[in-house]
Amino acid sequence: MIVDCAIYREGQRTEGPEDLSDALGEARTAGGFVWIGLHEPTEGEFDHVTREFGLHPLAVEDALKAHQRPKLEVYDDSLFVVLKPVAYEPQSDTVSSGEIMIFLGDSFVVTVRHGEGSPLKAVRRRLEQEPELLGKGPTSVLYAVADATVDHYLDVATELQTDLEGLEAEVFSPDGGGSRNTASRIYDFKRQVLEFRRATGPLAPPMSRLAGTASTGVAVPFVDDRARPFFRDVNDHLTRVNESVENLDRLVSDILSAHLAQMSVRQNDDMRKISAWAAMAAIPTMLAGIYGMNFEHMPELRWVWSYPALLVLMAVLEVMVFRLFKRRGWL
């Protein structure tokens, strides 16, 4: 459905007419642009927008179906940009992502939002409070949405880093690393980092193109060249985010390896202790087994001190073996 529709002239908002073709014509006549915001539109609802603004059918298909990677595509009459804002739920330690599709033309901006983690309402309010920025045309909307999305990436990266430090402290604590759920929690955290990475990683090439730092060096149509410094700032923030994501992914992998190594060491210690006690139990078992065979010609059986001597021998051997294992750290 259409969430908002307005015409902006020289950075000031005026309510657009109900007919979209009239809104676009009015915006072009007045030297402004029209901004239409939609939330999870159906195919029927989007058909009218498609016809009035001449949107490319492939881009329209992507906008309707969603589940797209961040990207930038140039068509004859418009620019199509996909962003994936993310939200982090500290209660459940989960990263969820939405999608924002932006159609940018000479005098119009159409934003399509999927999911709840999208900052469009706040972006529109912010832009309407900065008429100088909004007066730069449709490019200002693309910049503001990208800037808000990437800035929120930084917040999410900080929260993930904080949670990772807590998980790291738990793994390396004297008693916490042996929990059965620790490996599962580490793996779940790695999956959240991967979900975050799917949103931030593919966005780097589009931001480089918008910032004018891509290897192609070709200007992006429908984007004011004067906006390149702004997009360079967004691209710098995105680079920091991607570096943070790489560090998070590497650290969580190291923590998982360290946890598995700890578990292996603990198992080896347990096996050594079990083996040591089994060896100690074998001594009296062996002696008792020998003298329990009851053969007729065993002279020790007729000796008066046989029984206490055997007990003393068992005790001496047990003490010697115990001290040996203790000295070697097996017990």
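- For the chain, the name recorded in an unreviewed UniProt entry is Magnesium transporter CorA, with Streptomyces qaidamensis as its organism.
- The UniProt entry for the chain carries the following text under Catalytic activity (unreviewed entry): "Mg(2+)(in) = Mg(2+)(out)".

## So, the overall build of the chain
And step 1. When its secondary structure is counted, the chain shows ten helices and nine strands.
And step 2. Contacts in the chain between residues far apart in sequence, at least 24 positions, make up 65% of those at least 6 positions apart.
And step 3. When the accessible surface of the chain is summed, it comes to about 18,000 Å², and 54% of that surface belongs to carbon and sulfur atoms.

## Structural notes on the confidence of the model for the chain
And step 1. For the chain, per-residue confidence averages 82 on the pLDDT scale, and residues scoring 70 or more make up 88% of the total.
And step 2. Confidence, read as mean pLDDT per element, is least for helix H1 (residues 20-30) in the chain (76) and greatest for strand S5 (residues 79-83) (93).

## A few points about a nonpolar patch on the surface
And step 1. A surface patch of nonpolar side chains, about 430 Å² in accessible area, is lined by Trp 303, Val 304 and Trp 305.
And step 2. Overall, the relative accessible area of 57% leaves Trp 305 in the exposed class.

## Quick look at helix H2 (residues 43-53)
Helical geometry: 3.6 residues make up each α-helical turn, so side chains three or four residues apart lie on a common side.
And step 1. Listing the buried residues of H2 in full gives Phe 46, Val 49, Thr 50 and Phe 53. When H2 is viewed along its axis, its buried side chains cluster within an angular range of 105 degrees and face the same direction. Across H2 from its buried face, at more than 90 degrees, point the exposed residues Gly 44 and Arg 51.
And step 2. After H2 finishes, the residue Gly 54 shows a positive phi value of roughly 65 degrees.

## Digging into the UniProt feature "transmembrane region" (unreviewed entry) in the chain
And step 1. UniProt's feature table lists "transmembrane region" (unreviewed entry) at residues 274-293 and 305-325, given in the numbering used throughout.
And step 2. In residues 305-325, the share of helix is 95% and the share of strand is 0%. The end C-alpha atoms are 30 Å apart.

## So, the pattern of salt bridges
And step 1. In this structure the tally under the stated criterion is 13 salt bridges.
And step 2. Glu 128 serves as the salt-bridge partner of Arg 13, at 2.7 Å between the closest nitrogen and oxygen. Taken together, the positions of Arg 13 in strand S2 (residues 12-15) and Glu 128 in helix H4 (residues 120-128) put the pair 115 residues apart, joining distant regions of the chain.
And step 3. For Arg 13, a relative accessible area of 29% puts it in the partly exposed group.
And step 4. Shared partners join several salt bridges into a network, and the residues in it are Lys 190, Arg 197, Glu 246 and Asp 249.

## Description of the pairing of strand S3 (residues 33-39)
And step 1. With respect to burial, S3 is a largely interior element, seven of its seven residues being buried.
And step 2. Because side chains alternate across S3, one face comprises the buried residues Phe 33, Trp 35, Gly 37 and His 39, and the other comprises Val 34, Ile 36 and Leu 38, equally buried.
And step 3. Bridge count between strand S1 (residues 2-9) and S3: six bridges; the pairing is antiparallel. Residue pairing across strands places Ala 6 opposite Trp 35, the latter belonging to S3.
And step 4. Pairing analysis gives six bridges linking S3 to strand S9 (residues 108-114), with the strands arranged parallel. Residue pairing for S9: Val 34 is matched across the bridge by Phe 108.

## Quick notes on the side chain of Ser 140
And step 1. Note that Ser 140 resides in helix H6 (residues 138-171).
And step 2. Residue class for Ser 140 comes out buried when judged on its relative accessible area of 3%.
And step 3. A distance of 2.6 Å separates a polar side-chain atom of Ser 140 from the backbone oxygen of Gly 137.
And step 4. Sequence-distant contacts of Ser 140, that is, excluding residues within four places in its chain, are made with Leu 127, Leu 133 and Leu 134.

## Details of unusual backbone geometry
And step 1. The backbone of His 67 shows a phi angle near 55 degrees, a positive value even though the residue is not glycine.
And step 2. In this structure, His 67 sits in the loop between helix H3 (57-65) and strand S4 (71-74).
And step 3. The phi dihedral of Phe 222 falls on the positive side, at around 70 degrees, and the residue is not glycine.
And step 4. Residue Phe 222 is classed as partly exposed on the basis of its relative accessible area, which comes to 27%.

## Describing the nonpolar core
And step 1. Within the largest apolar cluster, 56 residues are counted, with the highest numbers of intra-cluster contacts made by Leu 142, Tyr 153 and Phe 196.
And step 2. No other element matches H6, which puts 16 residues into this core.
And step 3. Residue contacts for Tyr 153: discarding those within four places in its chain leaves Lys 84, Pro 85, Val 86, Phe 196, Ala 199, Thr 200, Leu 203, Leu 238 and Val 241.

## Regarding the packing of H6 against helix H7 (residues 182-200)
And step 1. Two elements in contact, H6 and H7, have axes separated by 11 Å at closest approach and are oriented at 165 degrees. When the axis of H6 is compared with that of H7, the two are roughly antiparallel. When the axes of H6 and H7 are compared, the crossing they make is left-handed. Two secondary-structure elements touch here, H6 through Tyr 153, Val 156, Ala 157, Leu 160, Asp 163, Leu 164, Leu 167, Glu 170 and Val 171 and H7 through Thr 182, Arg 185, Ile 186, Phe 189, Phe 196, Ala 199 and Thr 200.
And step 2. Considering only residue class, the contact of H6 with H7 consists of eleven nonpolar, two polar and three charged.

## Looking at the environment of Gly 115
And step 1. With respect to the helices and strands, Gly 115 occurs in the loop between S9 and H4.
And step 2. In this structure the C-alpha to C-alpha distance between Gly 115 and Ser 96, which are 19 residues apart in sequence, comes to 9.1 Å.
And step 3. For Gly 115, the contacting residues outside a window of four places in its chain are His 39, Glu 40 and Gly 98.

What counts, and where the lines are drawn
- Residues numbered from 1 in each chain as written.
- Predicted model: local features only at pLDDT ≥ 70, side-chain atom pairs only at ≥ 80, totals over all residues.
- Heavy atoms only, no water.
- UniProt positions renumbered as here; feature names shortened; annotations may be inferred.
- Helix = DSSP H or I, 4+ residues; strand = E, 2+ residues; numbered from the N terminus.
- Contact = heavy atoms within 4.5 Å.
- Areas by Shrake-Rupley, 256 points an atom, 1.4 Å probe, with all protein chains shown as cover.
- pLDDT = per-residue confidence, 0-100.
- Patch = residues over 30% accessible without salt bridge, like charges linked within 9 Å, V, L, I, M, F, W, Y side chains within 5 Å.
- Salt bridge = Lys/Arg side-chain N within 4 Å of Asp/Glu carboxyl O.
- Buried < 20%, exposed > 50% of the residue type's maximum accessible area, 1.4 Å probe, protein only.
- Arc of directions from axis to C-beta.
- Pairing = 2+ DSSP bridges.
- Polar contact = N/O pair within 3.5 Å; in protein donor to acceptor, adjacent residues only side chain to side chain.
- Core = buried A, V, L, I, M, F, W, Y, C linked by side-chain atoms within 4.5 Å.
- Axes fitted to C-alpha atoms, helices over the stretch in contact; angles between N-to-C directions.
- Parallel < 35°, antiparallel > 145°, perpendicular 65-115°, else oblique.
- Left-handed = near helix turned anticlockwise from the far one by under 90°.
- Nonpolar A, V, L, I, M, F, W, Y, C, P; charged D, E, K, R; others polar.

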